[in-house]
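Below are the chains, spelled out letter by letter.
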Amino acid sequence: MGHLTRATALARAAVRGSTANGRRRPKTHISLLTNSPFARQISFETELGPEHRIVSLAPDLGRDETVARVKEVFKATPFDLLVVDTFPRGLGGELADLLPALACPKVLVHRDLNPRYIRECDVSKSVNWFDRLLVPGESSPFGSASHAVRTAPWLIRDAHELLSPFEARRVLDVESDTLPVVAVIGSGRAQEVEQMDRLAGRLASEFGSRAAVRFVALRARNVVERGRPPENAGRISNLWPFLQAIRGVSVSVGNGGYNTVHEARVTQTPLVALARPRLYDRQERRLTEKEVVSGFQAVRNRVAAAIAPTSSGLTESPPQYENGVYAAIDILDRLSPPPM
Amino acid sequence: MAKYWEMGICNEKSGFLFNHACKRLPVGGNCNSCEKPVCDDHSYDIDGVVLCTRCAMESPSQPGQGQTRYFSSARWGHGAYFYGSHYYGPDYYGGYHGSSHNDRHDFTEADAASLINEADEGFESDMSES
């Protein structure tokens, strides 16, 4: 989900008619290739407009079939610039056969990577296939390479696009304008989403009289049917992207994934985060001591502190933050000037 | 495929958020369905048949979604609850009332480590990592 959100954020900036500094850009056509299970639940037409191409591979394909499909898509898709998120060799290693022979400019979006992946898959060699490494707002193993350029974090919404606290609360189905809102974000692996769902129920049991607890996930499920005691169930919000409603939230509880962490930081929303094990990155490195927790009591205590009457609460003034996607688009344009 | 159990300790895995290996001693007996060695906390007498937590959850006697059924447990006396496919032991009530005691079904530092093996399936072979 994180990769798809980041890719969509970049694509949104690419299809705009002008850059952040007002420079006009010609029309850019996007082809977005993903095997994310969430892809079919996102309205790309709303995000990007109608004339772009989303290629969504079935998420349950095995490695060999995924690799074969990616190669087919590469053959069938004309493109002037290739942007690869995170995996320099592709998710199944398929780009090792494709990239060295590809003539167009190639860019890798480069965030943290597991050193063992770098070692075992010879990633140091692979990053040299790319003309630029774009480092979206966090330290990364090849961030100091000569062809690496760091930007601010990439966000799926600009600051001015966020809903006001009052509008956000309506989206989160919270009637009160004053009751603290705890958003438990269901993201990551299916098992983790289920755990966060249960965590939301438990926080609702603990804090139900003092706060509105919402389980926020792209694919909402009926928690009552899943067996949670109905009177204590944290209500659910089928919402993507969560960032648009974050100004209505007093504290976010989630994993240490890229988007969850950076969205909380740029909007100065308190974050209580679990560092989940990942094959390719290290959530524990992304999180600060102030953000990371490892047990329910710690979650409970941090949430209690965040919703305490003495905490600063919601603010009327919108957050100010730089969205790194615009700097990224400037860099892409310099690599491959679009036809005027 | 045959399932091999570690003898002498409870082989059950359960938990509120993450599954914990129980490994408690002594073992109270074996599940009548899967033969898993289980401690008293993780064995349930359902219609006269002793089952482990998982088999009890999958038992045909398991009630429908949203219903509550009480299972007798030698140690707990009043038994654990199963809500649908989820398992709520008596410790769950500590959470309801804001107790700060350390709930053995809570996730702990050890839980994250317990998931690492699940994540570590080999580079460029796990297509779900996108």
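For every chain, the first residue of its written sequence is number 1, and the numbers climb from 1 along that sequence. Chains carry letters and ligands carry numbers; both start at the beginning, A for chains and 1 for ligands, and go up in the order they are written. At least 70 in pLDDT is required for a residue's local features to be given in this predicted model, at least 80 for side-chain atom pairs to be given and counted, and no such filter applies to totals for whole chains, interfaces and linings, which use all residues.

Here's the deal with the overall build of chain B
Here comes step 1: Of the regular secondary structure elements, chain B holds 3 helices and 8 strands.
Here comes step 2: Tracing chain B from N to C terminus, the helices and strands come up as β-β-β-β-β-β-α-β-β-α-α.
Here comes step 3: Looking at chain B as a whole, 32% of its 130 residues are labelled buried.
Here comes step 4: Across chain B, contacts joining residues at least 24 apart in sequence account for 35% of those joining residues at least 6 apart. Helical segments are the DSSP runs of H or I of at least four residues, strand segments are the runs of E of at least two, and each set is numbered from the N terminus. Counting other C-beta atoms within 10 Å of a residue's own tells you its class, since 20 or more makes it buried, 12 or fewer makes it exposed, and anything in between is partly exposed; those C-beta atoms are placed from the backbone. With C-beta atoms placed from the backbone, a contact is any residue pair whose C-beta atoms sit within 7 Å.

Focus on the overall build of chain A
Here comes step 1: Per the secondary structure count, chain A includes 12 helices and 12 strands.
Here comes step 2: The globule rule used for comparison is 2.2 Å times the number of residues to the exponent 0.38, while the radius of gyration itself is calculated over C-alpha atoms. For 340 residues, the compact-globule estimate of 2.2 N^0.38 gives 20 Å, and the C-alpha radius of gyration of chain A, at 21 Å, lies within 12% of that figure.
Here comes step 3: If one aligns the C-alpha atoms of chain A with their principal axes, the spans along those axes are about 60 × 45 × 35 Å.
Here comes step 4: Taken across its 340 residues, chain A has 46% of its residues classed as buried.
Here comes step 5: Across chain A, the fraction of contacts at a sequence separation of at least 24, relative to all contacts at a separation of at least 6, is 64%.

Concerning the domain arrangement of chain A
Much of the literature gives interface size as the accessible area that the parts lose upon coming together.
Residue and element names in this part refer to chain A.
Here comes step 1: Where each domain begins and ends is defined by an automated method or by a domain database. Taken as a whole, chain A is organised into domain 1 (2–154 + 323–335) and domain 2 (159–306).
Here comes step 2: Between domain 1 and domain 2, the C-alpha centre-to-centre distance is 28 Å.
Here comes step 3: Tallying contributions element by element places helix H1 (residues 2–14) first for the side of domain 1 that touches domain 2, with 3 residues.
Here comes step 4: Residues are sorted three ways: Asp, Glu, Lys and Arg are charged, Ala, Val, Leu, Ile, Met, Phe, Trp, Tyr, Cys and Pro are nonpolar, and all the rest, Gly among them, are polar. Grouping the constituent residues of the side of domain 1 that touches domain 2 by class yields 5 nonpolar, 6 polar and 4 charged.

A few points about the environment of Ser33 of chain B
Residue and element names in this part refer to chain B.
Here comes step 1: By the element assignment, Ser33 lies in the loop between strand E3 (29–30) and strand E4 (37–38).
Here comes step 2: On a C-alpha basis, the gap between Ser33 and Cys22 in space is 19 Å, while along the polypeptide they are 11 residues apart.
Here comes step 3: Apart from residues no more than four positions distant in its own chain, Ser33 is found in contact with Leu51 and Cys55.

What to know about the packing of H1 of chain A against helix H12 (residues 325–335) of chain A
Residues and elements named next belong to chain A.
Here comes step 1: Two elements in contact, H1 and H12, have axes whose closest approach is 9 Å; the angle formed by their N-to-C orientations is 65°. Taken together, the axis directions place H1 and H12 in an arrangement best described as roughly perpendicular. In this structure, the crossing between H1 and H12 has a hand that is right-handed. Only Val325, Tyr326, Ala328 and Ile329 of H12 make contact with H1, whose side of the interface consists of Ala9, Leu10, Ala13 and Ala14.
Here comes step 2: Class assignment for the residues of the contact of H1 with H12 results in 8 nonpolar, no polar and no charged. What counts as an axis is a line fitted to C-alpha atoms, over the stretch in contact for a helix, and the angles between N-to-C directions run from 0 to 180 degrees. In these notes the angle categories are as follows: under 35 degrees is roughly parallel, over 145 is roughly antiparallel, 65 to 115 is roughly perpendicular, and the rest is oblique. Note: crossing handedness is left-handed where the near helix turns anticlockwise from the far helix by less than a right angle, and right-handed where it turns clockwise.

Structural notes on the nonpolar core
Here comes step 1: When buried Ala, Val, Leu, Ile, Met, Phe, Trp, Tyr and Cys residues are joined through C-beta atoms within 7 Å, the set is termed a nonpolar core. Formed by 80 residues in total, the largest nonpolar core has its most connected members in Leu10, Val182, Val184, Val253 and Val303 of chain A.
Here comes step 2: Top element by residues in this core is H1 of chain A. It accounts for 7 residues.
Here comes step 3: No fewer than three residues from each of domain 1 (2–154 + 323–335) and domain 2 (159–306) of chain A sit in this core.
Here comes step 4: If sequence neighbours within four positions are ignored, Val182 of chain A has contacts with Leu203, Phe207, Ala211, Val213, Ser250, Val251, Val253, Val303 and Ile307 of chain A.
Here comes step 5: Counting residues in each nonpolar core, the second largest holds 10 residues, with Cys10, Cys31, Tyr44 and Leu51 of chain B among its members.

Let's talk about helix H9 (residues 258–266) of chain A
Residues and elements named next belong to chain A.
Here comes step 1: Within H9, 8 of the 9 residues are buried, which leaves the element mostly enclosed by the surrounding structure.
Here comes step 2: All of the buried residues along H9 are Tyr258, Asn259, Thr260, Val261, His262, Glu263, Ala264 and Val266.
Here comes step 3: For H9, the elements touching its buried residues are H1, strand E7 (181–186), strand E10 (251–255), strand E11 (271–274) and helix H10 (283–286).
Here comes step 4: After H9 finishes, the residue Gln268 shows a positive phi value of roughly 55°.

Digging into unusual backbone geometry
Here comes step 1: Residue Pro241 of chain A is bonded to the preceding Trp240 of chain A through a cis peptide linkage, with omega at -5°.
Here comes step 2: Its place among the elements puts Pro241 of chain A in the loop between strand E9 (235–238) and E10.

Here we look at the sheet that holds strand E4 (residues 106–109) of chain A
Residue and element names in this part refer to chain A.
Here comes step 1: Note on pairing: two strands pair once DSSP finds at least 2 bridges between them. If you walk across this open sheet you meet the 4 strands as E3-E4-E5-E6, and the pairing is parallel. Two strands in the sheet have a free side with no partner beyond their single neighbour: strand E3 (82–85) and strand E6 (148–151). For this sheet the average axis-to-axis angle between neighbouring strands, irrespective of direction, equals 25°.
Here comes step 2: Pairing of E4 with strand E5 (residues 132–136), which is carried by 3 bridges, proceeds in the parallel orientation. Bridging from a neighbouring strand, Val107 pairs with Arg132 of E5.

Brief notes about the pairing of E5 of chain A
If a strand is regular, its side chains alternate between the two faces of the sheet.
Residues and elements named next belong to chain A.
Here comes step 1: Within E5, 5 of the 5 residues are buried, which leaves the element mostly enclosed by the surrounding structure.
Here comes step 2: Neither face of E5 is open: one carries Arg132, Leu134 and Pro136, the other Leu133 and Val135, and all of them are buried.
Here comes step 3: Relative to E6, E5 runs parallel, the two sharing 4 bridges. Residue pairing in the sheet places Pro136 in a bridge with Thr151 of E6.

Examining the confidence of the model for chain B
In regions of low pLDDT, the predicted coordinates are not meant to be interpreted in detail.
Residue and element names in this part refer to chain B.
Here comes step 1: Averaged over chain B, the pLDDT score is 57; the fraction of residues at 70 or greater is 40%.
Here comes step 2: pLDDT expresses how confident the predictor is about each individual residue, on a scale running from 0 to 100. Mean pLDDT across the secondary structure elements of chain B bottoms out at helix H2 (residues 92–96), with 30, and peaks at E4, with 84.
Here comes step 3: Per-residue pLDDT stays below 50 along residues 63–120; that stretch engages in 93 contacts with residues further than four places along the chain or on separate chains.
Here comes step 4: Reported confidences for the modelled complex are a pTM of 0.74 and an ipTM of 0.73.

Describing the confidence of the model for chain A
Here comes step 1: Summing up the model confidence of chain A, the mean pLDDT is 88 and the portion of residues at 70 or higher is 91%.
Here comes step 2: Contacts of residues 220–233 of chain A to residues separated by more than four positions or lying in other chains number 33 contacts, the stretch itself having pLDDT below 50.

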